[in-house]
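Residues per chain, in single letters:
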Amino acid sequence: MSDGAVLHVKGRVLAGPDDVRDELWVVGGRVSYDRPAGARDIRTVEGWVLPGLVDAHCHVGLGADGPVDADTAEKQALTDREAGALLLRDAGSPSDTRWVDDREDLPKIIRAGRHIARTRRYIRNYAWEVEPDDLVGYVAQEARRGDGWVKLVGDWIDRDLGDLSPCWPREAVQAAITEAHRLGARVTAHCFAESSLRDLVEAGIDCIEHATGLTDDLIPLFAERGVAIVPTLVNIATFPQLAAGGDTRFPRWSAHMRRLHERRYDTVRGAYDAGIPVYVGTDAGGSLAHGLVAAEVAELVTAGIPAVDAVSATSWGARAWLGRPGLEEGAPADLVVYEGDPRADVRVLAAPRRVVLNGRIVQ
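Asker: Any chance you could explain the overall build of the protein chain here in plain terms?
Answerer: From N to C terminus, the protein chain includes 12 helices and 20 strands. A globule of 363 residues ought to have a C-alpha radius of gyration of about 21 Å, and the protein chain, at 21 Å, matches this closely. Each of the three principal axes of the protein chain carries a C-alpha extent, and together these read 70 × 40 × 35 Å. In the protein chain, which comprises 363 residues, the proportion classed as buried is 55%. For the protein chain, restricting intrachain contacts to residue pairs at least 6 apart in sequence, the fraction spanning at least 24 positions comes to 65%. Counting only carbon and sulfur atoms, one obtains 46% of the accessible surface of the protein chain, whose full area is about 14,600 Å².

Asker: What is the right way to read the nonpolar core from this model?
Answerer: Soluble globular proteins: nonpolar side chains tend toward being buried together. The biggest cluster of nonpolar side chains holds 88 residues, and the ones touching the most others in it are L135, I205, I208, F222 and L300. Setting aside its immediate chain neighbours within four residues, I208 contacts T188, A189, C191, L197, L200, F222, V227, A228, I229 and V230. Core analysis: the second largest hydrophobic core is formed by 14 residues, V26, V31, Y33 and V356 among them.

Asker: Help me out: how do you make sense of a positive patch on the surface in this one?
Answerer: Residues R120, R124, R159 and R249 make up a contiguous surface patch of positive charge. With respect to the element layout, R120 can be found in the loop between β9 (116-118) and β10 (128-130). Given the relative accessible area of 70%, R120 is considered exposed.

Asker: Could you clarify how one ought to interpret the packing of helix α2 (residues 135-145) against helix α3 (residues 170-182) in this entry?
Answerer: In a pair of packed helices, the angle between the axes and the distance between the axes together describe the arrangement. In the contact formed by α2 and α3, the axes pass within 9 Å of each other and the chain directions differ by 25°. Relative to α3, α2 is oriented roughly parallel. Seen along the crossing, α2 lies across α3 with a hand that is right-handed. Mapping the contact onto sequence places L135, V136, V139, A140 and R144 in α2 and A172, V173, A175, A176, E179, A180 and R182 in α3. Looking at the contact of α2 with α3, its residues break down into nine nonpolar, no polar and three charged.

Asker: What is the right way to read helix α1 (residues 70-82) from this model?
Answerer: Residues lying three or four places apart along an α-helix face the same way, a consequence of the helix completing one turn every 3.6 residues. The end-to-end C-alpha separation of α1 is 18 Å, in line with the 18 Å expected for 13 residues at 1.5 Å each. All of the buried residues along α1 are A73, Q76, A77, D80 and R81. Seen along its axis, α1 keeps its buried residues to an arc of 140°; they face one direction. Facing away from the buried surface of α1 by more than 90 degrees, the exposed residues are D71 and K75.

Asker: Is there a simple way to explain the pattern of salt bridges in this structure?
Answerer: When the charged atoms of two side chains lie near each other, side chains of opposite charge can form a pair. Within the structure shown, the criterion is met by 24 salt bridges. When the shortest N-O distance is used, the salt bridge between R103 and E74 registers 2.7 Å. Here E74 lies in helix α1 and R103 lies in the loop between β7 (85-90) and β8 (108-111), a separation of 29 residues in the sequence. Using a relative accessible area of 26% as the deciding quantity, one classes R103 as partly exposed. For the salt bridge of D105 with R103, the shortest nitrogen-to-oxygen distance reads 2.8 Å. Residue classification places D105 among the partly exposed residues on the basis of a relative accessible area of 26%. Residues joined by salt bridges that share partners form a network here, namely R170, R198, D199, E202 and D217.

Asker: Help me understand the packing of aromatic side chains, please; the structure alone is not making it clear to me.
Answerer: Within a pair of aromatic rings, the relevant descriptors are the distance that separates the centres and the angle that separates the planes. Applying the stated rule across the entire model yields seven aromatic pairs. For R21, the ring lying beneath its charged end belongs to Y33, and the centroid distance is 4.1 Å. In this structure, R114 is placed above the aromatic ring of W128, and the distance from its NZ or CZ to the ring centre is 4.5 Å.

Asker: Mind showing me how you'd approach the side chain of E299 here?
Answerer: Inspection of the secondary structure assignment puts E299 in helix α10 (residues 293-302). The charged side chain of E299 is buried without a salt bridge, its nearest counter-charge being R264 at 4.6 Å. Setting aside its immediate chain neighbours within four residues, E299 contacts L233, V234 and Y265.

Asker: Help me out: how do you make sense of the sheet that holds strand β18 (residues 335-338) in this one?
Answerer: The strands making up a sheet are joined through hydrogen bonds of the backbone, oriented either antiparallel or parallel. With mixed pairing, the seven strands of this open sheet are ordered in space as β3-β2-β1-β4-β18-β19-β20. With partners counted over all chains shown, the strands left at the sheet margins are β3 (30-32) and β20 (360-361), one partner each. Of the pairings in the sheet, the one linking β18 to strand β19 (residues 354-357) comprises three bridges and is antiparallel in character. Paired with V337 across the strands is R354, a residue of β19.

Analysis parameters
Per-chain numbering applies: the sequence of each chain, read as written, is numbered from 1 onward. Where local features are concerned, this predicted model is filtered to residues with pLDDT of at least 70; where side-chain atom pairs are given and counted, the filter is 80 or more; whole-chain, interface and lining totals use all residues. For side-chain calculations, the full set of non-hydrogen atoms in the structure is used, while hydrogens and water are omitted. In DSSP terms, a helix is any run of H or I states spanning at least four residues, a strand is any run of E spanning at least two, and both are numbered starting from the N terminus. Only C-alpha atoms enter the radius of gyration, while the globule expectation follows 2.2 Å times N to the 0.38, with N the number of residues. Whether a residue is buried, partly exposed or exposed follows from its accessible area with a 1.4 Å probe, protein chains only, as a fraction of its type maximum: under 20%, in between, or over 50%, in that order. Whether two residues touch is decided by their heavy atoms; if any such pair falls within 4.5 Å, the residues are in contact. Where accessible areas are quoted, they stem from the Shrake-Rupley method and a 1.4 Å probe; at the residue level, only the protein chains shown are allowed to cover. Grouping buried Ala, Val, Leu, Ile, Met, Phe, Trp, Tyr and Cys residues that are joined through side-chain atoms within 4.5 Å yields what is termed a nonpolar core. Like charges are joined within 9 Å and nonpolar side chains (Val, Leu, Ile, Met, Phe, Trp, Tyr) within 5 Å, but only among residues with over 30% relative accessible area and no salt bridge; these make up the patches. Take a side-chain nitrogen of Lys or Arg and a carboxyl oxygen of Asp or Glu: if they are within 4 Å of each other, that pair is a salt bridge. In this tally, Asp and Glu contribute negative charge and Lys and Arg positive charge; neither His nor the terminal groups of the chain are included. By convention, the charge on Lys lies at NZ, on Arg at CZ, on Asp at CG and on Glu at CD. In this analysis an axis means a line fitted to C-alpha atoms, helices contributing only their contacting stretch, and an angle means the value between N-to-C directions, from 0 to 180 degrees. Relative orientations are named as follows: roughly parallel for angles under 35 degrees, roughly antiparallel for angles over 145 degrees, roughly perpendicular for angles from 65 to 115 degrees, and oblique for any other angle. When the near helix sits turned anticlockwise from the far one by under a right angle, the crossing is termed left-handed; a clockwise turn instead gives a right-handed crossing. Ten residues, namely Ala, Val, Leu, Ile, Met, Phe, Trp, Tyr, Cys and Pro, are considered nonpolar, four, namely Asp, Glu, Lys and Arg, are considered charged, and the remaining ones, Gly among them, are considered polar. Given a helix with a known number of residues, its expected span is that number minus one, times 1.5 Å. Throughout, the arc means that of the directions going from the helix axis to the C-beta atoms. Aromatic pairing here means that ring centres of Phe, Tyr or Trp (its six-membered ring) are within 6.5 Å. Orientation follows from the plane angle: under 30 degrees is stacked, over 60 is edge-to-face, and everything else is tilted. In this analysis the charged atom, NZ for Lys or CZ for Arg, is taken to sit over a ring once it is within 6 Å of the ring centre and within 35 degrees of the ring normal. Paired strands, as defined in this entry, are two strands with at least two bridges between them according to DSSP.

Here is the structure:
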């Protein structure tokens, strides 16, 4: 499309779960519901339309061994784009990916800075590894570097214990979360197990990643405080393989990981039923491939979340939670076009017909 071209998108435009329109126009890279006067260079796209999907937990610039070069990070972002994920919450990366912001052909990224972990209690080369006395300072640093989010590692395997355990004392996370909020940032935390969750939620955390340790006694607390979860079920599917690798050295940890995996769907459905906000995230980066957003939506449906709410968790609802527009009048034209209605069958999300980013057809 030329810079002066107008894109006419028609069919069924899902501006909201129940807000279905017949068409929209893309003028100057932005959404309009009014036909532009005098437009001549018009290209038409037809189908079922959603705002660009959200992957609310991924890691652009991160590989299995730590930071990756810019070419690899670009390929990661392009893979997400091809899957229709046009808004990414980067939940921790050691790489500087600010250069992506200058690329109109790449997804928009909301960064949480670099992970902050306890010393020798996380994957090597991923995180700042600090002790509790330094936690507030590092949280303040990443709050200033990020885009309104900070990422903690809330639990990890304790090799002396032989199982997952909390990484931080309650008073340390309380002070750190308070400081992040003072600086205008929200805080999220990687948590697999049960034992770190109460302290983090009562300390004021905004979101928990994975949340496999969420139990019936903790669900009311999460719901009362409005703490969101991003289950990353496509990542939790790897737990049996991880557990098998630890059977000899850490049998207690391995058994724990298998239990968390076995109840994963019940955990997510219990959270949803209680009114806890649930959003789509894949944990792409590190050891997991990018471009899995449709698979994660399908996993939420398998867990028992209704299709329309699973779609919202990667579109309207997720964008509102992250403070980014959807298909509102005047919003950047980031949208995905499908053959069928994703509210009826989320499997259509795996095959975008067209991807439009900043008003340009990129796929």
